[in-house]
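# Results of the structural survey
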Amino acid sequence: MQHRQTDLSDAGRALLRIFTHIYVINLPERTDRRREVEQQLNRFGLSLDHSAVTLVPASRPADRGEFPNVGARGCFESHLITLRAALDAGHQQFLILEDDADFSDDLDSRLDALSEAAQGLDWDIFYGWLPGGDAGGQAAALQEIPAQTGVVMSHFVGINGRILPDLIPYMAAIYSRPLGDPQGGAMHVDGAYSWFRAAHPQCLTIAPVRSISVQRSSRSDIHPLRWFDRIPVLAPIVGSLRRVRANLRKRL
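## Thoughts on the overall build of the chain
In terms of regular secondary structure, the chain is built from seven helices and nine strands. A fraction of 80% describes how many contacts in the chain between residues 6 or more apart in sequence connect residues 24 or more apart. Summing over all exposed atoms, the chain offers an accessible surface of approximately 11700 Å²; the carbon and sulfur share of this is 55%.

## Let's talk about the nonpolar core
As a rule of thumb, soluble globular proteins bury nonpolar side chains together. Leu83, Ile159, Leu167, Met171 and Tyr193 are the most contacted members of the largest nonpolar core, which has 35 residues in total. Elements represented by at least two residues in this core include exactly β1 (21–26), α3 (70–89), β3 (93–98), β5 (125–127), β7 (156–160), α5 (164–176) and α6 (189–199). Setting aside residues no more than four positions away along its own chain, leucine 167 makes contact with Leu83, Ile159, Tyr193 and Phe196.

## Concerning the side chain of aspartate 100
Structurally, aspartate 100 is set in the loop between β3 and β4 (101–103). In this structure, aspartate 100 is buried with no salt-bridge partner, the nearest side chain bearing the opposite charge being arginine 33 at 4.2 Å. Polar contacts involving the side chain of aspartate 100 include one to the side chain of glutamine 215, which spans 2.9 Å.

## Comments concerning helix α1 (residues 10–18)
Given 3.6 residues per helical turn, the α-helix brings residues three or four places apart onto the same face. Residues of α1 that are buried include every one of Ala11, Gly12, Ala14, Leu15, Leu16 and Ile18, and no others. The inward-facing, buried residues of α1 contact β1, β3, α4 (107–119) and β5.

## Topic: the packing of α3 against α5
Remark: α3 packs on α5, axes separated minimally by 10 Å, with the N-to-C direction vectors making an angle of 155°. With respect to each other, α3 and α5 are oriented roughly antiparallel. The way α3 lies across α5 gives a crossing that is left-handed. Contact with α3, carried on its side by Arg73, Phe76, Glu77, Leu80, Leu83, Arg84, Ala86 and Leu87, involves Leu164, Leu167, Ile168, Met171, Ala172, Ile174 and Tyr175 of α5 and no other residues of that element. Its residues placed into classes, the contact of α3 with α5 shows twelve nonpolar, no polar and three charged.

## Looking at the pattern of salt bridges
All told, the structure shown has 14 salt bridges when counted by the stated rule. Between aspartate 32 and arginine 30 there is a salt bridge; the shortest N-O distance is 2.8 Å. Note on arginine 30: relative accessible area 2%, which makes it buried. The partner of aspartate 102 in a salt bridge is arginine 216, and the shortest N-O contact between them spans 2.7 Å. You can see aspartate 102 sitting in strand β4 and its partner arginine 216 sitting in the loop between β9 (213–215) and α7 (235–251), a full 114 residues away along the chain. Across the pair, arginine 216 and aspartate 102 agree in class, each one buried.

## Some points on helix α2 (residues 31–42)
With twelve residues, α2 ought to run about 16 Å at 1.5 Å a step, and its terminal C-alpha atoms sit 16 Å apart, in line with that. All buried positions along α2 are accounted for by Arg33, Glu36, Val37, Gln40 and Leu41. When α2 is viewed along its axis, its buried side chains cluster within an angular range of 145° and face the same direction.

## Brief notes about the sheet that holds β3
Reading across the sheet, the seven strands line up as β2-β1-β3-β7-β5-β8-β6 and stay open at both edges, with mixed pairing between neighbours. With partners counted over all chains shown, the strands left at the sheet margins are β2 (53–57) and β6 (142–145), one partner each. Adjacent strand axes in the sheet meet at a mean angle of 25° when their direction is disregarded. Bridging between β1 and β3 involves five bridges; their strand directions are parallel. For histidine 21, the partnering residue across the bridge sits in β3 and is phenylalanine 94. α2 rests against β1, β2 and β3 of the sheet, and its axis sits at about 160° to β1.

## Description of the packing of aromatic side chains
Summed over the entire model, instances satisfying the criterion amount to twelve aromatic pairs. On the numbers, 5.8 Å between centres and 80° between planes, the contact of tyrosine 23 with phenylalanine 94 is edge-to-face. On the criterion of sequence distance, the pair formed by tyrosine 23 in strand β1 and phenylalanine 94 in strand β3 is long-range, its members being 71 residues apart. Relative accessible area serves as the criterion here: at 0%, phenylalanine 94 is assigned to the buried category. Plain terms: the ring middles of phenylalanine 44 and phenylalanine 103 are 5.3 Å apart, the flat faces sit at 70° to each other, and that makes the pair edge-to-face. Here phenylalanine 44, found in the loop between α2 and β2, pairs with phenylalanine 103, found in strand β4; they are 59 residues apart in sequence, far enough to count as distant. The two residues phenylalanine 44 and phenylalanine 103 agree in class, both being buried.

Analysis parameters
Residues numbered from 1 in each chain as written. Predicted model: local features only at pLDDT ≥ 70, side-chain atom pairs only at ≥ 80, totals over all residues. Heavy atoms only, no water. Helix = DSSP H or I, 4+ residues; strand = E, 2+ residues; numbered from the N terminus. Contact = heavy atoms within 4.5 Å. Areas by Shrake-Rupley, 256 points an atom, 1.4 Å probe, with all protein chains shown as cover. Core = buried A, V, L, I, M, F, W, Y, C linked by side-chain atoms within 4.5 Å. Buried < 20%, exposed > 50% of the residue type's maximum accessible area, 1.4 Å probe, protein only. Lys, Arg positive; Asp, Glu negative; His and termini not counted. Salt bridge = Lys/Arg side-chain N within 4 Å of Asp/Glu carboxyl O. Polar contact = N/O pair within 3.5 Å; in protein donor to acceptor, adjacent residues only side chain to side chain. Axes fitted to C-alpha atoms, helices over the stretch in contact; angles between N-to-C directions. Parallel < 35°, antiparallel > 145°, perpendicular 65-115°, else oblique. Left-handed = near helix turned anticlockwise from the far one by under 90°. Nonpolar A, V, L, I, M, F, W, Y, C, P; charged D, E, K, R; others polar. Expected span 1.5 Å × (residues − 1). Arc of directions from axis to C-beta. Pairing = 2+ DSSP bridges. Phe/Tyr/Trp six-rings, centres within 6.5 Å; stacked < 30°, edge-to-face > 60°.

Take it as geometry only, folks, not as evidence of what the structure does.
As structure tokens, then:
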């Protein structure tokens, strides 16, 4: 059942003033991640069946192709699928959430001010997290990220639809080139976004001074499984420990 605008919390309305639509990338078999990311959305009166949210089935390619591994290729394909869907839908400022994204514990109280700050900036790309961010910085402060500064991780990235006619073919070209190509070949998707930004310095990239999203620790779909992820009986224990670590990270 589609939820109504009246179901939103005040923080949810503020979130949708920054991003008019939210795409959530999730592998269909990762029901654990789907459940956890929906819990994040529920904080704002949102859910995976809300009219402002689209669940994107993530790609699971049969082989790695030219990419570092199968997961990296699947993640890249999933973002490219999402960007094309947003272009077809005509969404102007939208958010891509990977299913291991966790919102900061204080985001509810910060979103209204963040929304006002974002509306005062003509941004093109909006990251929710930066390594080395100022944990003690102003709650509503946004900073510009220089075009030549690479950003690692793509679990929370906002896109202005006006850059899609340039971004999509640029990403598609990287996808089609071999790994290590000097023009930019097959790579992790966060690297591709950074290559695009460096090649298009006119695009304004911003991020909160204090992070609003971290990447939740969970069993990886990109890297080979560690030994404790391959033993079924340990799965509940490992999952609980990862949730504890994620909660600690959000409080740093």
